[in-house]
Structures are given as structure tokens and as C-alpha cells.
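Observations on the model geometry
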Amino acid sequence: MSTHALTILGSSSALPTSHRFPSAQIVQFFGRFFLIDCGEGTQMQLRKIKVSFAKIQAIFISHLHGDHFLGVFGVLSSFNLLGRTSPLTLYCPPGLQEIIMCHMQFGDYSLNYKLQFITLPKDDHVQIFSDKKISVIAHKVSHRVPCWAFEFTQNVTTRNLKKEYISQYNLSISQIATLKSGKDVLLENSEVLSHTECTYLAPKSSYVYITDTRFLPSLTNHIKAPTLLYHEATFEAKCKQRAHETYHSTSEQAACFAKAVNAKKLIIGHFSARYKQIDKLLNEAREIFPETYAAEDLQSFSF
Ligand SMILES: [Zn+2]
């Protein structure tokens, strides 16, 4: 069973509505919690989903339009008021460090935890984070200001148990864990149960976040079959020209992108406030890529 999950905190574009906050989301991946974009009101949304603030180890900001970062001041301040001591890394476009430092200076406050800024790279496809289990790649996209997509990928391979073996051998939780870790199990009747026989290599999971960009077919060459893809769909298909002019994408383009990269599932979001209902956008996308879902605030998707 997968433990990776995406939770949408905000799914509107620049103008929030009564039921859609501006962009923000939480990704839980191999036990790590990342906040991606941080629109106004993010900390209130975080409270609603009851995620422990202390668990968030990094924040990734795609670009410096207000609907993607104005919530960061409140989040940083609340982390401080809640007594955070663990360090926090902020992956951000050039300029955000200065903006935050300036605010601290004029607001006359400091943080009791270490805030590390990592400026997103000028080059197009750069790995910005890697540990034992996962890597994160920043991809440049095409927007009115410098903007990045984020790709979270799994480094390690994991094993899943073939279900029939659980009941056949009445396996305990610890025996299952042993087999999944790649070791054999000695059964009570002295029989050795081989992990290669009763487990299989699970496909690697990945999550890709692409927002605020013109349709960018060239990026499809750099993204391989994500388990879950979030792609902005600010406009419906017929507003293709408007999308191009404002450096955004349509529902149809998001679906074409998902199809081209062979994604397993697509979530569309960043909807223009002009759409009271987004059924039309969802249906347009599903015509091209049936496994499409429309983001709703506070909704989770496992992957
Ligand atoms: Zn933008």
C-alpha cells in the first residue's frame, strides 16, 4: 500500500474564491513532508488538514507571483511561535531571500530555527535535492517571470509482497517486513521462504508539479512516466490564445502533456476565478487523458 500522498491546499489561480485558496500543496513522500508553493492562507489550510508543522522539512516556491508565495511570511512566523527548532530549507527563485530578510528587518523579528535559502538554478533541469530515498529536480518552465516545475523521484527500489503468500503461509507483520527488505524468512516447519519468490520489485513512484507555464512540449523529453502529475489548467480549451498571451495552459494542453509523458494520473488545478464550475475543463482533459482529476482544496491523492 502506497504511503505517498499529495494534499491540495489551494487550487485557484491569482484571484482566490470563496472555496479555492491560491496555490499551495503538501507532498508526503517516503515519510518526508514538503510544502510546494505557499499562497496566502496556506497556514490556515495546513491547520485544517492537521499536518504537524514541525514535520515540514522544506518549502519549494515555483515563482514570485503573489499567489504562489504570499503565505510564506505567516508560515515562517507561525513555525517560530510554535517553538520550531529543526532547520527549514526554502528552495526559491532569486529575490525571495532578500524580500524575507527585508521584512524581518522592518518587522524587527528573527527566527529561532535555522532557515536555509537555496536559490533555484538558472540552468534548465537541475537536481536540487537528494538523499537516500528521493531526489528533486527543478525544471525551468515558460512564464512571465522565472518559474520552475518540481519533480520528486524515488531513488531506492522497494519490494511488494505477492498477496497470495500472506494467507498461504500465514505470515506475520515482521515476516512480511523481512521479506520486503530483501531477506529470506525461516518458517516454523524449517522451510525457507525466499524473498525473490514471494516479492516483486515495485515500480518507482514520482510526483511532478508543473504550474504557471505556457504549454511546454519540450519539457516532455525530460519527464518520465510520473505516477502523479499536477499540471496547471488555468483556462478551458477555447481560451488557448488567452492562455498563450498570459503564459498559462489550458485543460486540453495539460492533458496532452500528461499523455506525452505517459503519466499514470493527472491532477489539473490553478483554475481561473472565472470558472464557477470546472466540469467543462475536466471533461476536456478527460477526452484526451481519461485518468484526469480536478484539484479541490483539502483533497488528497495517494500515489
Ligand atoms: Zn504566475
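**With respect to the sheet that holds strand β8 (residues 134-140)**
- A sheet is described by the order of its strands in space; here 7 strands give the open sequence β7-β8-β9-β14-β15-β16-β17, paired in mixed fashion. Of all the strands in the sheet, the pair left with one neighbour each is β7 (125-130) and β17 (292-294). The mean inter-strand angle of the sheet, taken between neighbouring strand axes irrespective of direction, is 20°.
- Bridge count between strand β14 (residues 206-210) and strand β15 (residues 228-232): 4 bridges; the pairing is parallel. Within β15, the residue paired with Y209 across the bridge is Y230.
- Contacts from helix α10 (residues 279-288) reach β16 (265-269) and β17 within the one sheet, and its direction differs from that of β17 by about 170°.

**Focus on the domain arrangement of the chain**
- Considered domain by domain, the chain is made up of domain 1 (5-158 + 202-302) and domain 2 (159-199).
- Between the C-alpha centres of domain 1 and domain 2 there is a distance of 39 Å.

**As for the environment of K264**
- Tracing the chain through its elements places K264 in the loop between α9 (251-260) and β16.
- Separated by 25 residues in sequence, K264 and F289 have C-alpha atoms that sit 9.7 Å apart.
- If we skip the residues at most four places from it in the chain, K264 touches T227, L228 and E291.

Here is what the cut-offs are and how they apply
Every chain is numbered on its own, with residues counted from 1 as its sequence reads. The predicted nature of this model means local features are confined to residues of pLDDT at least 70 and side-chain atom pairs, given and counted, to a pLDDT of 80 or more, with totals for whole chains, interfaces and linings taken over all residues. Any two strands with at least two DSSP-identified bridges between them are counted as paired. Secondary structure elements are taken from DSSP: a helix is a run of H or I of four residues or more, a strand is a run of E of two residues or more, and numbering for both begins at the N terminus. Angles here are taken between N-to-C directions and fall from 0 to 180 degrees, while the axes themselves are lines fitted to C-alpha atoms, restricted in helices to the stretch in contact. Placing C-beta atoms from the backbone, we regard two residues as in contact once those atoms come within 7 Å. Segmentation of the chain into domains, including their bounds, is taken from an automatic or database domain assignment.

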